[in-house]
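Structural overview
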Amino acid sequence: MDDQTPSADAARAPTVSFVSLGCPKALVDSERIITRLRAEGYALARSHEGADLVVVNTCGFLDSAQAESLAAIGKALNENGKVIVTGCMGAEPETITAAYPGVLAVTGPQQYESVVAAVHRVVPPRHDPFLDLLPPEGIKLTPRHYAYLKISEGCNNRCSFCIIPKLRGDLVSRPAADVLREAERLVAAGVKELLVISQDTSAYGVDLKYAASAWKGGELRAKFLDLARALGELGVWVRLHYVYPYPHVDDVIPLMAEGKVLPYLDVPFQHASPDVLRRMRRPAAQEKTLERIARWRDICPDLTIRSTFIVGFPGETEGDFEVLLDWLDAAELDRVGCFRYEPVKGAVANELAPPVADAVKEERWHRLMRRQQAISARRLERKLGTRQQVIIDEACTRDGRRPGPGVGPTVAKGRSKADAPEIDGTVHVASRRPLRVGEIATVRIERADAYDLFGTAVGF
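Source: prediction; values computed, not measured.

A tally of regular secondary structure across the protein gives 13 helices and 20 strands. Taking 460 residues into account, the globule formula puts the C-alpha radius of gyration at 23 Å, and the protein, at 24 Å, falls close to it. Look at the contacts in the protein between residues 6 or more apart in sequence, and 73% of them connect residues 24 or more apart. Accessible surface for the protein amounts to roughly 20500 Å². Of this, 53% is attributable to carbon and sulfur atoms. Across the protein, 60 positive and 61 negative side-chain charges occur, with their mean positions spaced 3 Å apart.

Attention now goes to the sheet that holds strand β4 (residues 83-87). Sheet architecture is open: five strands sit in the order β2-β1-β3-β4-β5, paired in parallel fashion. Each edge of the open sheet is held by one strand with a lone partner, namely β2 (43-44) and β5 (105-106). As defined by bridge partners, strand β3 (residues 53-58) adjoins β4 across five bridges and the pair is classed as parallel. Paired with N57 across the two strands is T86, which belongs to β4. Docked against the sheet, helix α2 (residues 24-39) engages β1 (15-20), β2, β3 and β4, running at close to 170 degrees with respect to β1.

The next point concerns the confidence of the model for the protein. For the protein, the average pLDDT comes to 87, and 91% of its residues sit at 70 or higher. Low pLDDT, under 50, characterises residues 1-10; the predicted model gives this stretch two contacts beyond four residues in sequence or across chains.

With that settled, the discussion passes to empty space enclosed by the protein. Overall, the coordinates contain three cavities of 30 Å³ or more when judged by the stated rule. The volume enclosed by the largest cavity comes to roughly 60 Å³. Every residue along the wall of the largest cavity is listed here: T304, D334, R335, S376, R379, L380, K383 and A418. No other element matches the three residues that helix α13 (residues 358-381) contributes to the lining of the largest cavity. When its residues are assigned to classes, the lining of the largest cavity shows two nonpolar, two polar and four charged.

Glancing now at the packing of helix α12 (residues 318-331) against α13. For the pair α12 and α13, interaxial distance at closest approach is 10 Å and the crossing angle is 10 degrees. Judged by the angle between their axes, α12 and α13 are roughly parallel. The handedness of the crossing between α12 and α13 is right-handed. On the side of α12, the interface is formed by E318, F321, E322, L324, L325, L328 and D329, while α13 contributes R364, R367, L368, R371, Q372 and I375. Grouping the amino acids of the contact of α12 with α13 by side-chain chemistry returns six nonpolar, one polar and six charged.

Further remarks concern the pairing of strand β6 (residues 146-150). For β6, the buried fraction is high: five of the five residues fall into the buried class. Burial of the side chains of β6 extends over both faces: Y146, Y148 and K150 are buried on one face and A147 and L149 on the other. Across five bridges, the pairing between β6 and strand β9 (residues 193-197) is parallel. Looking at β9, one finds that L149 is bridged to V196.

Right, let's get into the pairing of strand β11 (residues 218-221). With four bridges connecting them, strand β10 (residues 212-215) and β11 associate as antiparallel partners. Bridge pairing in β11 links A212 to R221. The hairpin formed by β10 and β11 contains two residues between the paired strands, and K216 there has a positive phi angle of roughly 55 degrees.

Backbone geometry places K216, a non-glycine residue, at a positive phi of 55 degrees. You can see K216 is positioned in the loop between β10 and β11. One non-glycine residue, Q270, lies in positive phi territory at about 75 degrees. Position of Q270 relative to the elements: it lies in the loop between β13 (264-266) and α10 (274-280).

Turning our eyes to something else, we now look at helix α7 (residues 176-188). For α7, spanning 13 residues, the distance from its first C-alpha to its last is 18 Å, which sits close to the expected 18 Å at 1.5 Å a residue. Buried within α7 are the following residues: A176, A177, V179, L180, E182, A183 and L186. Of the surrounding elements, those touching the buried residues of α7 are β6, β9, β10, β11 and α8 (224-231). In the segment just after α7, G190 is the residue with positive phi, at about 110 degrees.

Let us now look at the side chain of D52. Of note, D52 is situated in the loop between β2 and β3. Classification of D52 as buried rests on a relative accessible area of 17%. A distance of 2.7 Å separates a polar side-chain atom of D52 from the backbone nitrogen of T15.

Its place among the elements puts G50 in the loop between β2 and β3. Classification of G50 as exposed rests on a relative accessible area of 70%. Sequence spacing of G50 and K260 is 210 residues, and the spatial spacing of their C-alpha atoms is 48 Å.

Another point: the packing of α2 against helix α5 (residues 112-122). Their axes nearest at 10 Å, the elements α2 and α5 cross at an angle of 45 degrees. On the basis of the axis angle, α2 is oblique to α5. Along this stretch, α2 crosses α5, giving a crossing that reads as right-handed. Contact residues: α2 offers D29, R32, I33, R36 and L37, while α5 offers Y112, E113, V115, V116 and V119. The class makeup of the residues in the contact of α2 with α5 is six nonpolar, no polar and four charged.

About the thresholds
- Residues numbered from 1 in each chain as written.
- Predicted model: local features only at pLDDT ≥ 70, side-chain atom pairs only at ≥ 80, totals over all residues.
- Heavy atoms only, no water.
- Helix = DSSP H or I, 4+ residues; strand = E, 2+ residues; numbered from the N terminus.
- Rg over C-alpha atoms; globule rule 2.2 N^0.38 Å.
- Contact = heavy atoms within 4.5 Å.
- Areas by Shrake-Rupley, 256 points an atom, 1.4 Å probe, with all protein chains shown as cover.
- Lys, Arg positive; Asp, Glu negative; His and termini not counted.
- Charge placed at Lys NZ, Arg CZ, Asp CG, Glu CD.
- Pairing = 2+ DSSP bridges.
- Axes fitted to C-alpha atoms, helices over the stretch in contact; angles between N-to-C directions.
- pLDDT = per-residue confidence, 0-100.
- 1 Å grid on protein atoms, 1.4 Å probe; cavity = no way out; pocket = protein on both sides within 12 Å on 5 of 7 lines; lining within 4 Å.
- Points joined across faces, edges and corners; volume = space filled by probe spheres on them.
- Nonpolar A, V, L, I, M, F, W, Y, C, P; charged D, E, K, R; others polar.
- Parallel < 35°, antiparallel > 145°, perpendicular 65-115°, else oblique.
- Left-handed = near helix turned anticlockwise from the far one by under 90°.
- Buried < 20%, exposed > 50% of the residue type's maximum accessible area, 1.4 Å probe, protein only.
- Expected span 1.5 Å × (residues − 1).
- Polar contact = N/O pair within 3.5 Å; in protein donor to acceptor, adjacent residues only side chain to side chain.

Rendered as structure tokens:
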């Protein structure tokens, strides 16, 4: 009689090694692809070697990001040989295939079905519906206690230094009810912080003409304010990222003052010189931002503002840069990131004015960061003696070991309402008992440096 027992290879779930590069928006794309693959019975491999294939989700915004993506593809080919490429670089596949003609498929950003179909061609799925179960919130690449919530794809702006619309297309907003349903699933799964992201969060719903969708016996409009208010009713931290300073952003500040959403705005100002902003073609560049920041803080004194800036933009003069430094002094932003301008292939900015020398970019970058470091330190010093709510990201003892019975006092790492994961500062929390990851503690702030806070847990 023939042996009907399947071989080990036949019974084994096909494995995929996954590399996710770039911004949180790309990370959400990766989560969607992985969720679909896991639903079909694929397993995730911890390394390229031994996996059935590798998927690389690329970033293509800057030349340095493209170089990192190409290096990741090369590494995957060397260690595995079977590679599928997706993401922003996939919008220009010839760049990838010219460097690595051996890749099996190249798809663009947000093309989830194309990625999955390519995986099917290389390694057909072997799904067992009795074994391959998924949580209702899907597969997440973030820790269990926070998650990114993407509310739209693409962008309608045409900033001269950016090729995102070319890579990801125009703005496509999700119906508000769809966003809320996903948010509810995440909260039910234990998520305590929702990080709202898109390419242009405050433009949410413009493409839908703010159409309402059915939600819990009523209707919810696809508007920035309406969505923020609805998310604020879920009882978790809601953090708003990539908010262009359109006038209607003012309407959300009272929600922050009321504690409905976190008093935190991530606003990519990019520069302060009117001439530079004009060449950048920045939306809302004409607004009197210093006056608006002052009004925001009048309404919500605890408001934290983070932003990003570009130095060395084509044609930037020393006078332009001094305007930016003076603006930073006046604005007193809490958190600032700074990039040296890179001439992205296909960006209009490359042709608008003469380039700034690399040495000048470097010198201006250091000057800006020194100036902002002093500002950030002053802002943090104001929190000395206050009590802050802190969400715990990592629990460890004073000597760096994980907490356990009999190991003594512990110091955990977490974030206040003023700190987004990965990009902002850390709160180091001493406590009598080990704090759990995802726990929210009340912390008395006792010390500050240029970036981080240090304190003791006084409540749980």
